[in-house]
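Here is what each chain is made of, one letter per residue.
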2 protein chains.
Amino acid sequence: MTDAKMPRMTRIQQKNRDLIMDGALNVFSANGFRGATIDQIARSAGLSKPNVLYYFASKDDIHKTLLTELLDMWLAPMQQIDPAGDPMAEMLGYVAAKMRMSRDYPRESRLFAYEILQGAPHLTQILGGGLRDIVDRTVVVLQGWMVEGRLARTDPRHLIFSIWSMTQHYADFEIQVRAVLGSGRDPFAEGQEFLEQMYRKLLTP
Amino acid sequence: MTDAKMPRMTRIQQKNRDLIMDGALNVFSANGFRGATIDQIARSAGLSKPNVLYYFASKDDIHKTLLTELLDMWLAPMQQIDPAGDPMAEMLGYVAAKMRMSRDYPRESRLFAYEILQGAPHLTQILGGGLRDIVDRTVVVLQGWMVEGRLARTDPRHLIFSIWSMTQHYADFEIQVRAVLGSGRDPFAEGQEFLEQMYRKLLTP
DNA sequence: TGAATTATTGACCAAACGGTCAGGATCAAG
DNA sequence: CTTGATCCTGACCGTTTGGTCAATAATTCA
């Protein structure tokens, strides 16, 4: 149960697939799908192009595998909202967790940003399926809190959009943020402080 | 003073350059720079590929011209904030204007989103120059209002980031928004309502 | 009208790219 | 050590793409 993924996977397969996934994350997140080349991925992974294609059937295959492998990790923070916890603490915790993701995993953020911008050709099923279910479950929790008067009333779904957009903004548009703020500042720390203050005020009943 | 752009421009030049700009906006905003081909742009404009390259030196030239031509229009709403107006009305007006931009000009929003995601290879000067100045001027106005106690105190720059990210989210990630909301709803109207309520609460001193 | 300028295009080119393949290197197991 | 499976690569292929160019068509203006 520790590693029940592929039936059999040699150490070399394990290592090289990981290298390719990391290289692909570098290249796709920097250039988008169309802007990325298998050669770049191979170079970033330290492998030859044919060797990359020995492990993955096609560029499309690499991209799709990468997205699906990262999706769970990307959506994890939302699923960790505890319906039994303190509403304000849970929401501020979620915001902080998303902000940490933007700071520590900007490549993942940009990867998904490109995919959604593109029209989500590889995620359409997930968008209308799994993602929507996860959001719906969270919406139920939020609405419960609002009905109980422990959280200010707002549209829960648009509240979630606001958290997504603002936190991911610091990763996806980091260049713009840094250009506007100027050097010698910490966009993520400042952003975290701003968001905490903002949502505390917004969500206080 | 009505049209002091190019020294001389025939009607054909005027028309075809406009066609190309529109086609380029279609293609670049849907696929990003690397994902766009001159052939697609030509087809979208109703011209042949060599004819497109008769008016523009290269794909890069098309892209750069398009960005610079649209930049002013894109930044206009922020410059229309009136320092002499009512603070709350001015801010809510700015949010509403940005929201209208997302609804009516999603192609422009996505075009800039791609460019910033990419690392803004064509906008670096503008980001650190003109954009920063515009933001700085607005920041001065906001700080004035906050000092006067007519607007709640917050970091003005991060406040601006929040408006940018949330309003543009409805254009750039429209597919995701629609997938989560489900059909039969108006994301932009709902978003506008949410944002107005949110910023009214946030900015009330 | 006719010459000069502007506009348009089919054919073409070199580079980049996704992907293939035969054959050789490496490794694990008996 | 041997053998079979796994791993790796140089060379190659067809297609796509950005861009060129010579030749032709359309337009402008004296």
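Let us now look at the overall build of chain A. The helix and strand inventory of chain A stands at 10 helices and zero strands. Moving toward the C terminus, one meets the helices and strands of chain A in the order α-α-α-α-α-α-α-α-α-α. On the principal axes, the C-alpha backbone points of chain A span a range of 60 × 45 × 30 Å. Looking at the 205 residues of chain A, the share that counts as buried comes to 54%. For chain A, contacts bridging at least 24 residues in sequence account for 69% of all contacts bridging at least 6. Carbon and sulfur atoms make up 51% of the accessible area of chain A, which amounts to about 9600 Å² in all. For chain A, the separation between the mean place of its 24 positive charges and that of its 24 negative charges on side chains is 4 Å.

Moving on: the protein's contact with DNA strand C. Among the 18 residues in the neighbourhood of DNA strand C, the closest are listed as Lys59 of chain A together with Thr10, Asn16, Ser48 and Tyr55 of chain B. Here, DNA strand C places atoms within 4 Å of the protein, and 58% of those atoms are sugar or phosphate. At 3.0 Å from a phosphate oxygen of DNA strand C is found a side-chain nitrogen or oxygen belonging to glutamine 13 of chain B. Here a phosphate oxygen of DNA strand C sits 3.2 Å away from a polar atom, N or O, in the side chain of tyrosine 54 of chain B. Elements with a minimum of two residues in the surface near DNA strand C: α3 (49-55) of chain A together with α1 (11-35) and α3 (49-55) of chain B. Taken together, the residues of the surface near DNA strand C break down into eight nonpolar, seven polar and three charged.

Around DNA strand D, the structure places 18 residues, and the nearest of them are Thr10, Gln13, Asn16 and Tyr55 of chain A together with Lys59 of chain B. The sugar-phosphate portion of DNA strand D accounts for 58% of its atoms within 4 Å of the protein, the bases making up the rest. The contact in question runs from a phosphate oxygen of DNA strand D to an N or O atom on the side chain of asparagine 16 of chain A, over 2.8 Å. Residue tyrosine 55 of chain A places a side-chain N or O atom 2.5 Å away from a phosphate oxygen belonging to DNA strand D. Broken down by secondary-structure element, the contributors of at least two residues to the surface near DNA strand D are α1 (11-35) and α3 of chain A together with α3 of chain B.

On to the domain arrangement of chain A, then. All names here are of chain A. The assigned domain composition of chain A is domain 1 (1-56) and domain 2 (68-203). Computed over C-alpha atoms, the centres of domain 1 and domain 2 are 28 Å apart. It is Met21, Leu25 and Ser29 that lose the most area in domain 1 upon contact with domain 2, and together they represent 52% of the buried surface on that side. At the boundary of domain 1 with domain 2, the tally comes to one salt bridge. A breakdown of the residues in the side of domain 1 that touches domain 2 according to their chemical character gives four nonpolar, four polar and three charged.

Formed by 136 residues in total, the largest nonpolar core has its most connected members in Leu159, Trp164 and Tyr199 of chain A together with Leu159, Trp164 and Tyr199 of chain B. Excluding residues that lie within four positions of it along the chain, tryptophan 164 of chain A makes contacts with Met78, Tyr94, Lys98, Leu131 and Val135 of chain A together with His169, Gln176 and Val180 of chain B.

This part covers the interface of chain A and chain B. Every contact between the two is made by 51 residues of chain A and, on the other side, 51 residues of chain B. Roughly 4800 Å² is buried in total at the junction of chain A and chain B, and carbon and sulfur atoms are behind 67% of that figure. Broken down residue by residue, the surface that chain A buries against chain B is led by Leu117, His158 and Val180 of chain A, which jointly contribute 16%. Counting every contact that joins chain A to chain B gives two salt bridges.

Thresholds applied
Residues numbered from 1 in each chain as written. Chains lettered and ligands numbered in written order. Predicted model: local features only at pLDDT ≥ 70, side-chain atom pairs only at ≥ 80, totals over all residues. Heavy atoms only, no water. Helix = DSSP H or I, 4+ residues; strand = E, 2+ residues; numbered from the N terminus. Buried < 20%, exposed > 50% of the residue type's maximum accessible area, 1.4 Å probe, protein only. Contact = heavy atoms within 4.5 Å. Areas by Shrake-Rupley, 256 points an atom, 1.4 Å probe, with all protein chains shown as cover. Lys, Arg positive; Asp, Glu negative; His and termini not counted. Charge placed at Lys NZ, Arg CZ, Asp CG, Glu CD. Near = heavy atom within 4 Å. Polar contact = N/O pair within 3.5 Å; in protein donor to acceptor, adjacent residues only side chain to side chain. Nonpolar A, V, L, I, M, F, W, Y, C, P; charged D, E, K, R; others polar. Domains from an automatic or database assignment. Buried area = accessible area lost by both parts, 1.4 Å probe. Salt bridge = Lys/Arg side-chain N within 4 Å of Asp/Glu carboxyl O. Core = buried A, V, L, I, M, F, W, Y, C linked by side-chain atoms within 4.5 Å.

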